[in-house]
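Observations on the model geometry
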Amino acid sequence: GAGVSQTPSNKVTEKGKYVELRCDPISGHTALYWYRQSLGQGPEFLIYFQGTGAADDSGLPNDRFFAVRPEGSVSTLKIQRTERGDSAVYLCASSFGGGPRNEQFFGPGTRLTVL
Amino acid sequence: GQQVMQIPQYQHVQEGEDFTTYCNSSTTLSNIQWYKQRPGGHPVFLIQLVKSGEVKKQKRLTFQFGEAKKNSSLHITATQTTDVGTYFCAGYGSSNTGKLIFGQGTTLQVKP
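Residues numbered from 1 in each chain as written. Chains lettered and ligands numbered in written order. Predicted model: local features only at pLDDT ≥ 70, side-chain atom pairs only at ≥ 80, totals over all residues. Heavy atoms only, no water.

All names here are of chain B. In total, this model carries two disulfides over all chains according to the counting rule given. Linked covalently through their sulfurs, Cys23 and Cys89 form a disulfide whose S-S length is 2.0 Å. Here the S-S torsion is close to 80 degrees, and the disulfide linking Cys23 with Cys89 is therefore right-handed. With Cys23 in strand 3 (residues 19–25) and Cys89 in strand 9 (residues 85–92), this pair connects stretches of sequence that are 66 residues apart. (Disulfide = S-S within 2.5 Å. Helix = DSSP H or I, 4+ residues; strand = E, 2+ residues; numbered from the N terminus.)

See the structure below:
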């Protein structure tokens, strides 16, 4: 596609529920990143994929968060037993090649609200 | 862990005035990137600085990377209402991973 797409654009769920957030990167981009952005803050790194493998998952806050990218393209961020503190905008980005020196292209984000 | 700090958090200027935001890292950076996020939008890449002391210009925007590669600045000359948004610096550490650490951003408001 022309840019990074994310679905859904908005997700409202109840505390304790499971959610999946999807990211479609730019075609041909081998690196994919997930961030979380709270109001008034900069994007907070969660995880980075190079191809199918998670090259750095040090930003995942706890074991309720998990992400996959089984075919090296689309990625899904999974959050179990959601808590109110998980409410934020979840941003996905992709780049041509991973690591430093590469411009990241961000998607529009998924706004997650946990009631 | 690595931290990236930006000041000021907010800046209100009259159209035509200059604007500067400053970025400081707790550790030496391999490179630094700047992004702009319009209200309700997502971050959009502006530029990347790699070399110590590097200065780059984009029309009215001037970006600098400090000699020690621990700080950076963005200066906008003669602001326009189209400059409104939040400007983020983001740095990579020296570990050569894809982990990009963002500052908390400086939100610029421009009064016409």
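Still more to cover.
All names here are of chain A. Sheet architecture is open: four strands sit in the order 1-3-8-7, paired in antiparallel fashion. The open sheet has two edge strands, strand 1 (5–7) and strand 7 (65–68), and neither has a second partner. Shown here is a sheet whose adjacent strand axes are inclined to one another by a mean of 15 degrees, direction ignored. (Pairing = 2+ DSSP bridges. Axes fitted to C-alpha atoms, helices over the stretch in contact; angles between N-to-C directions.)

Before going further, it helps to examine the nonpolar core. Across soluble globular proteins, nonpolar side chains show a tendency to be buried alongside one another. Residues Trp34 and Phe63 of chain B are the most contacted members of the largest nonpolar core, which totals 21 residues. Of all the secondary-structure elements, those providing two or more residues to this core are strand 3, strand 4 (31–37), strand 5 (44–49), strand 7 (61–65), strand 8 (71–76), strand 9 and strand 11 (106–111) of chain B. Formed by 20 residues, the second largest nonpolar core is a distinct cluster that contains Leu21, Leu60, Phe65 and Leu112 of chain A. (Core = buried A, V, L, I, M, F, W, Y, C linked by side-chain atoms within 4.5 Å. Buried < 20%, exposed > 50% of the residue type's maximum accessible area, 1.4 Å probe, protein only.)

Okay, the interface of chain A and chain B next. With 21 residues of chain A at the interface, the matching set in chain B holds 21 residues. Summing both sides of the interface, chain A and chain B together bury roughly 1700 Å²; the carbon and sulfur share of this comes to 56%. Joining chain A to chain B, the criterion identifies zero salt bridges. Of the residues contributing to the side of chain A that touches chain B, the split by class is nine nonpolar, nine polar and three charged. (Contact = heavy atoms within 4.5 Å. Buried area = accessible area lost by both parts, 1.4 Å probe. Salt bridge = Lys/Arg side-chain N within 4 Å of Asp/Glu carboxyl O. Nonpolar A, V, L, I, M, F, W, Y, C, P; charged D, E, K, R; others polar.)

Moving on, we get to the pattern of salt bridges. All names here are of chain A. Scanning the entire structure with this criterion turns up six salt bridges over all chains. Across the pair Asp24 and Arg22 runs a salt bridge whose closest N-O atoms are separated by 2.8 Å. The class for Arg22 is partly exposed, based on a relative accessible area of 38%. Between Glu44 and Arg36 there is a salt bridge, and its shortest N-O distance comes to 3.4 Å. Taking relative accessible area as the criterion, Glu44 reaches 36% and is therefore assigned partly exposed. Take Arg36: its relative accessible area is 12%, and that puts it in the buried class. Salt bridges linked by common partners bring Arg64, Glu83 and Asp86 together as one network.

Right, let's talk about the environment of Ala55 of chain A for a bit. Residue and element names in this part refer to chain A. Relative to the helices and strands, Ala55 is located in strand 6 (residues 53–56). Accessibility expressed as a relative area gives 48% for Ala55, which makes it partly exposed. In this structure the C-alpha to C-alpha distance between Ala55 and Ser95, which are 40 residues apart in sequence, comes to 14 Å. Those residues in contact with Ala55 that lie beyond four places of it in its chain are Tyr48, Phe49 and Gln50.

In this structure, the largest pocket occupies an estimated 630 Å³ of space. Gln37 and Leu39 of chain A together with Gln37, Gly40 and Gly41 of chain B are, among the 31 residues lining the largest pocket, the residues nearest its centre. Among the elements that take part in the lining of the largest pocket, strand 11 of chain B stands out by supplying four residues, more than any other. Empty space within the second largest pocket amounts to approximately 290 Å³. Where the lining of the second largest pocket is concerned, the elements lending two or more residues are strand 5 (44–50) of chain A together with strand 1 (4–7) and strand 10 (100–102) of chain B. If one sorts the elements of the lining of the second largest pocket by residue count, strand 10 of chain B sits on top with three residues. Classifying every residue of the lining of the second largest pocket gives seven nonpolar, eight polar and two charged. (1 Å grid on protein atoms, 1.4 Å probe; cavity = no way out; pocket = protein on both sides within 12 Å on 5 of 7 lines; lining within 4 Å. Points joined across faces, edges and corners; volume = space filled by probe spheres on them.)

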